[in-house]
Amino acid sequence: MNKGTILSSPKQIDIAITGRCNLRCEYCFYADEMVARTDLPTQKWLNFFEELGKLGVMRVCLTGGEVFTRSDFFTLLDGIIANRMRYQILSNGTLITENILSQLSIGKRRLRMDSIQISIDGSCASIHDKSRPNSFDRAVQGLSLLKKAGYPVAVRVTINRYNLHDLENIARFLLEDMGLPSFSTNEAMPIGSGCQNAASMSLTSTERFQAMQTLDHLLKRYPGRLTAQAGPQAKCKAYQEMEDARETGIKTTRWEMGFLTACGCVFSTMAVYHDGSIVPCHMLPGVVLGNICHDSLKEIWHTHPQMKALRERRSIPMHKVQGCQTCEWNEYCNGSCPGLAHQLTGDFNRANPTDCYRKFLLEKESNDALRS
Amino acid sequence: MIHEDQIFVLSSHIAVESFSDGALLFMAENRQLLEFNLTADRILSYTDGHHSVQEIASIIANMYDIPLREALQDTMILYEELHRQKIVFPENPLNKKGIMTQVERNERYMRNPDVGLREEDEDGGLLFNPDTNQVKVLNPTGLFVWKHCDSHHGIESIILKLQEAFDDVPEKEVRADVLSFLEEMEKSGFLGKVLHE
Ligand code: SF4
Ligand code: SF4
């Protein structure tokens, strides 16, 4: 392959097709962007999908805002299908009705769907609605409709202070009562509106540890049915691997330890905001690389200095990363998500402080000491 | 599974030296020497892309005066093993007897319009069928053939163009490779045959 090992174009694009939403979630990471940017009209998106089709992009992940607030949603979906792509939807589930379902079943819309993910944050309205106001009944209704009709439905639980003690009930509700094969978890982040609500929403290290213990216990009860790419469950696994590597001297082969290697997205994915702004990832709102209305995605993919810098991040050893030089874990750490590092420190060549194992251990120790 | 009507050819990486009591077979790829008895040597000598398993078995039955059923069984067992070791491979049915009919030569293929292509420069490309979620990796020659499946070029013309474009492709194998590529791509729904009016 020329241009080093860089693919000719991204394989997937994450697209926030709208900044509108019918909810106002407490931790919404997109809240600031929703206010600051405006939606693109239908034709601009259709032109963009044509560009993606020509590049051989294989799939898009449609998100928002809430995708179903767009009245032209199915026109956009058909544009994606016509350009030989598959798609995934992330939704709050509250606008999914029988009518939406029957529209989803037209032509190849259903055939091309990889999954539709609904956010559920509690086992009942009183907990779910604390972080996602006035939405539990409608979200569960949407989820049930999709499940009954046999759609590839997925559920995401965002762990926060309100639902930390409800995790067991949530698992029972989703896996036993609703009969879902699995669900995934992550964690509320102090970005977007989560920033203002950080104190009330985000977990402390001790709470995160509690979440890890509960999830571990749930995984024993429901083996393989709780998954995570980020958040306490994923962190717990990574921390355990760091402990093991330090003790045995044998590093995991699951990821590369000792370098800023956490994010592989920049080798296969890019993202677009609802105003057409192109970013490496939705977690990097400060790194705008261009706009789909006037820039070539392929050009940006191959030549933009920020894309190159993000890819080169992998060769930076942890012992050279600011704040990590003297850490005894730096040989076993990978600094975690650059998006969060950038939002929290203004520099993506830094470690993400919310995932720092040293900090986690220190905070946990002092909290435990305070308690006892 | 081997069947009686199949026709095999020797791999081009094989050299056979026959003696009065059998044969020595040299596999160039792994520099291995294999010894064969006289019957196996006879079977190998008829493995020429013309004789079917059934035909060879009846020659062997006559030669050694054994029941056809027994000869057929022995021949099939031997082919099974030779095929497993990549010493022989089945001739494409289109290429049976080494000749294609005029119709077969002009057979034209077209790409499934729903399949997307990612060209990865000198490495070839990747096909993606979004309807089935299937992915197919193409080497540069596969990519060349794919691009010429435009419903205008017949098989023979694709083979000629391929030979012109890639001088390092061994001539003997081009035909068989192109034919089996087209057959496999058609089977997996990436290509369709253009129907004759
Ligand atoms: S988290 Fe999703 S559903 Fe909630 S306000 Fe933000 S965009 Fe809307
Ligand atoms: S300070 Fe934290 S982020 Fe940096 S190497 Fe140590 S554990 Fe990893």
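Each chain carries its own residue numbering, running from 1 in the written order of its sequence. Ligands are numbered from 1 and chains lettered from A, in the order in which they are written. Restriction of local features to residues with pLDDT of at least 70 applies here, the model being predicted, together with a cutoff of 80 or more for giving and counting side-chain atom pairs; totals for whole chains, interfaces and linings are based on all residues. Each side-chain value is worked out from all heavy atoms of the structure, with water and hydrogens disregarded.

Details of empty space enclosed by the protein
A water-sized probe, rolled over the atoms, reveals where empty space remains.
Phase 1 of the analysis: Grid points spaced at 1 Å over the protein atoms alone were grouped into cavities, where a 1.4 Å probe fits but cannot get out, and pockets, open sets with protein on both sides within 12 Å along at least five of seven lines, with lining residues defined by an atom within 4 Å of a point. Grid points are joined across faces, edges and corners, and a volume is the space filled by probe spheres set on the points. In this structure the tally under the stated criterion is one cavity of 30 Å³ or more.
Phase 2 of the analysis: Residue type decides the class: Asp, Glu, Lys and Arg count as charged, Ala, Val, Leu, Ile, Met, Phe, Trp, Tyr, Cys and Pro as nonpolar, and the leftover types, Gly among them, as polar. Here the lining of the largest cavity is built from residues that sort into four nonpolar, four polar and one charged.

Considerations on the interface of chain A and chain B
Phase 1 of the analysis: Every residue pair with non-hydrogen atoms within 4.5 Å of one another is taken to be in contact. Contacts between the two partners involve 20 residues from chain A, matched on the other side by 17 residues from chain B.
Phase 2 of the analysis: Defined in terms of a 1.4 Å probe, buried area is the accessible area two parts forfeit on being brought together, summed over both. Surface buried jointly by chain A and chain B totals about 1500 Å² across both partners, of which 43% is contributed by carbon and sulfur atoms.
Phase 3 of the analysis: The working definition used for a salt bridge is a side-chain nitrogen of Lys or Arg within 4 Å of a carboxyl oxygen of Asp or Glu. Between B:Asp131 and A:Arg112 there is a salt bridge, with its nearest N and O atoms 2.6 Å apart.
Phase 4 of the analysis: Here the side of chain A that touches chain B is built from residues that sort into eight nonpolar, four polar and eight charged.

As for the side chain of A:Glu187
All names here are of chain A.
Phase 1 of the analysis: Numbering of helices and strands runs from the N terminus, with a helix taken as a DSSP run of H or I at least four residues long and a strand as a DSSP run of E at least two residues long. Secondary-structure assignment places Glu187 in strand β6 (residues 183-187).
Phase 2 of the analysis: Under this definition, polar contacts are N or O atom pairs within 3.5 Å; protein pairs additionally need one hydrogen-donor-capable and one acceptor-capable atom, and for neighbouring residues in sequence, both atoms have to be side-chain atoms. A distance of 2.8 Å separates a polar atom in the side chain of Glu187 from a polar atom in the side chain of Arg208.
Phase 3 of the analysis: A polar atom in the side chain of Glu187 sits 3.1 Å from the side chain of Lys235.
Phase 4 of the analysis: Excluding anything up to four places from it in sequence, Glu187 contacts Thr158, Ile159, Leu203, Arg208, Gly231, Pro232 and Lys235.

Here we look at the packing of helix α2 (residues 53-64) of chain B against helix α3 (residues 68-84) of chain B
All names here are of chain B.
Phase 1 of the analysis: To define axes, lines are fitted to C-alpha atoms, for helices over the stretch in contact only, and angles between the resulting N-to-C directions are given on a 0 to 180 degree scale. Axis separation between α2 and α3 bottoms out at 8 Å; the angle between their running directions is 125°. When the axes of α2 and α3 are compared, the pair comes out oblique. Between α2 and α3 the crossing geometry is right-handed. Contact residues: Val53, Gln54, Ile56, Ala57, Ser58, Ile60 and Ala61 in α2; Leu68, Ala71, Leu72, Thr75, Met76 and Tyr79 in α3.
Phase 2 of the analysis: Broken down by class, the residue content of the contact of α2 with α3 amounts to 10 nonpolar, three polar and no charged. Should an angle fall under 35 degrees it is taken as roughly parallel, and over 145 as roughly antiparallel, whereas 65 to 115 is taken as roughly perpendicular and any remaining angle as oblique. Handedness of a crossing is defined here by the sense of rotation of the near helix relative to the far one, left-handed for an anticlockwise turn of less than a right angle and right-handed for a clockwise turn.

With respect to the domain arrangement of chain B
Phase 1 of the analysis: In terms of domains, chain B is made up of domain 1 (7-90) and domain 2 (102-193).
Phase 2 of the analysis: Relative placement of domain 1 of chain B and domain 2 of chain B: their C-alpha centres are 32 Å apart. Domain ranges listed in this record stem from an automatic or a database domain assignment.

Overview of the sheet that holds strand β1 (residues 7-10) of chain B
Residue and element names in this part refer to chain B.
Phase 1 of the analysis: Here three strands make up an open sheet; going across it, the order is β5-β1-β6 and the pairing antiparallel. Edge positions in the sheet fall to β5 (48-52) and β6 (88-90), since each of these pairs with one other strand and no more. Averaged over all pairs of adjacent strands, the angle between strand axes in this sheet comes to 35°, irrespective of strand direction.
Phase 2 of the analysis: Of the strands in this sheet, β1 and β5 are in contact with α2, which crosses β5 at around 75°. At least two bridges found by DSSP between two strands is the condition for calling them paired.

So, the nonpolar core
Phase 1 of the analysis: Buried residues of nine kinds, namely Ala, Val, Leu, Ile, Met, Phe, Trp, Tyr and Cys, make up a nonpolar core once their side-chain atoms join them within 4.5 Å. Between buried and exposed lies partly exposed: a residue is buried under 20% and exposed over 50% of the maximum accessible area for its type, with that area taken using a 1.4 Å probe on protein chains only. Of all hydrophobic cores here, the largest spans 74 residues; its most connected members are A:Ile13, A:Ile15, A:Phe48, A:Leu52, A:Leu62 and A:Leu174.
Phase 2 of the analysis: Excluding anything up to four places from it in sequence, A:Phe48 contacts A:Ile13, A:Ile15, A:Val272, A:Ile292 and A:Leu297.
Phase 3 of the analysis: Counting 23 residues, the second-largest nonpolar core is a separate cluster that includes B:Ala61, B:Leu72, B:Tyr79 and B:Ile87.

Topic: the environment of A:Gly286
Residue and element names in this part refer to chain A.
Phase 1 of the analysis: Examined against the element boundaries, Gly286 turns out to sit in the loop between β9 (277-279) and β10 (290-291).
Phase 2 of the analysis: For Gly286, a relative accessible area of 58% gives the class exposed.
Phase 3 of the analysis: Considering only alpha carbons, one finds Gly286 and Thr252, 34 residues apart in sequence, at a separation of 32 Å.

Here's the deal with the sheet that holds strand β3 (residues 22-27) of chain B
Residue and element names in this part refer to chain B.
Phase 1 of the analysis: Pairing is antiparallel in the open sheet, where three strands are placed in the order β2-β3-β4. Every other strand in the sheet has two partners, leaving β2 (14-19) and β4 (32-36) as the edge strands with one partner each. Going from strand to strand, the sheet's axes swing by 20° on average, the running direction of each strand aside.
Phase 2 of the analysis: In terms of strand pairing, β2 meets β3 through six bridges, oriented antiparallel. When the bridges of β3 are listed, Val16 appears paired with Leu25.
Phase 3 of the analysis: Along the sheet, helix α1 (residues 38-46) contacts β2, β3 and β4; its crossing angle with β2, the most-contacted strand, is approximately 130°.

Here's the deal with the pairing of strand β8 (residues 269-272) of chain A
Residues and elements named next belong to chain A.
Phase 1 of the analysis: Going residue by residue along β8, you find Thr269 and Ala271 tucked away on one face and Met270 and Val272 tucked away on the opposite face as well.
Phase 2 of the analysis: By the bridge criterion, four bridges tie strand β1 (residues 12-16) to β8 in an arrangement that is parallel. What sits directly across from Ile13, in β8, is Met270.
Phase 3 of the analysis: For β8 and β9, the ladder comprises two bridges, and the chain directions are antiparallel. Within β9, the position partnered with Ala271 by the bridge is Val279.
Phase 4 of the analysis: Counting the residues that bridge the hairpin from β8 to β9 gives four residues, and of these Gly276 lies at a positive phi of roughly 95°.

With respect to the site of ligand 2
Phase 1 of the analysis: Contacts to ligand 2 come from A:Met318, A:Gly323, A:Cys324, A:Cys327, A:Trp329, A:Asn330, A:Cys333, A:Ala351, A:Cys356, A:Tyr357 and A:Arg358.
Phase 2 of the analysis: Residues belonging to the shell around ligand 2 are distributed by class as follows: eight nonpolar, two polar and one charged. Any residue with a heavy atom lying within 4 Å of a molecule or strand is counted as near it.

Notes on the pairing of strand β9 (residues 125-129) of chain B
Residues and elements named next belong to chain B.
Phase 1 of the analysis: Counting buried positions over the five residues of β9 gives five, a clear majority of the element.
Phase 2 of the analysis: Taking every second residue as pointing to the same face, both faces of β9 are buried, with Gly125, Leu127 and Asn129 on one and Leu126 and Phe128 on the other.
Phase 3 of the analysis: With four bridges connecting them, strand β8 (residues 116-119) and β9 associate as antiparallel partners. Each residue of the ladder has a partner; that of Glu119, found in β9, is Gly125.

Considering the packing of aromatic side chains
Residues and elements named next belong to chain A.
Phase 1 of the analysis: The aromatic pairing rule takes the rings of Phe, Tyr and Trp, using the six-membered ring of Trp, and pairs them if the centres are within 6.5 Å, calling planes under 30 degrees apart stacked, those over 60 edge-to-face and the rest tilted. For the structure shown, the criterion picks out 13 aromatic pairs over all chains.
Phase 2 of the analysis: Considering the side-chain rings of Phe73 and Phe74, the 5.1 Å spacing of their centres and the 80° angle between planes classify their relative orientation as edge-to-face.
Phase 3 of the analysis: Ring pairing ties together the aromatic residues Phe209, Tyr239, Trp329, Tyr357 and Phe360, which thus form one cluster.
Phase 4 of the analysis: Directly above the aromatic system of Tyr151 lies the positively charged group of Arg110, at a separation of 4.1 Å from the ring centroid.
Phase 5 of the analysis: Here, over-ring charges are defined by two tests on the NZ atom of lysine or the CZ atom of arginine: distance to the ring centre within 6 Å, and angle to the ring normal within 35 degrees. Here the guanidinium or amino end of Arg246 rests over the ring plane of Trp329, the centre of that ring lying 4.6 Å away.

What to know about helix α7 (residues 167-177) of chain A
Residue and element names in this part refer to chain A.
Phase 1 of the analysis: Within the sequence span of α7, burial applies to Leu167, Ile170, Ala171, Phe173, Leu174 and Leu175. Angular distribution of buried residues about the axis of α7 spans 165°; they occupy a single face of the element.
Phase 2 of the analysis: As for α7, its buried residues are in contact with α6 (136-148), β5 (153-159), β6, α10 (205-221) and β7 (226-227). Starting at the helix axis, one direction is taken to each C-beta atom, and the arc is that of these directions.

Examining the pattern of salt bridges
Phase 1 of the analysis: Scanning the entire structure with this criterion turns up 26 salt bridges over all chains.
Phase 2 of the analysis: With its nearest N and O atoms 2.5 Å apart, the salt bridge here joins A:Lys108 to B:Asp114. With A:Lys108 in the loop between α4 (98-104) and β4 (113-119) and B:Asp114 in the loop between β7 (108-111) and β8, this residue pair bridges two chains.
Phase 3 of the analysis: A relative accessible area of 27% means that A:Lys108 is categorised as partly exposed.
Phase 4 of the analysis: Under the relative-accessibility criterion, B:Asp114 is labelled partly exposed at 22%.
Phase 5 of the analysis: The closest approach of N and O atoms between A:Arg161 and A:Glu207, which form a salt bridge, is 3.0 Å. Note that A:Arg161 is positioned in the loop between β5 and α7 and A:Glu207 in helix α10, a separation of 46 residues in sequence.
Phase 6 of the analysis: With a relative accessible area of 32%, A:Arg161 lands in the partly exposed category.
Phase 7 of the analysis: What you see here is one network of salt bridges that share partners, running through A:Lys108, A:Arg112, B:Asp114 and B:Asp131.

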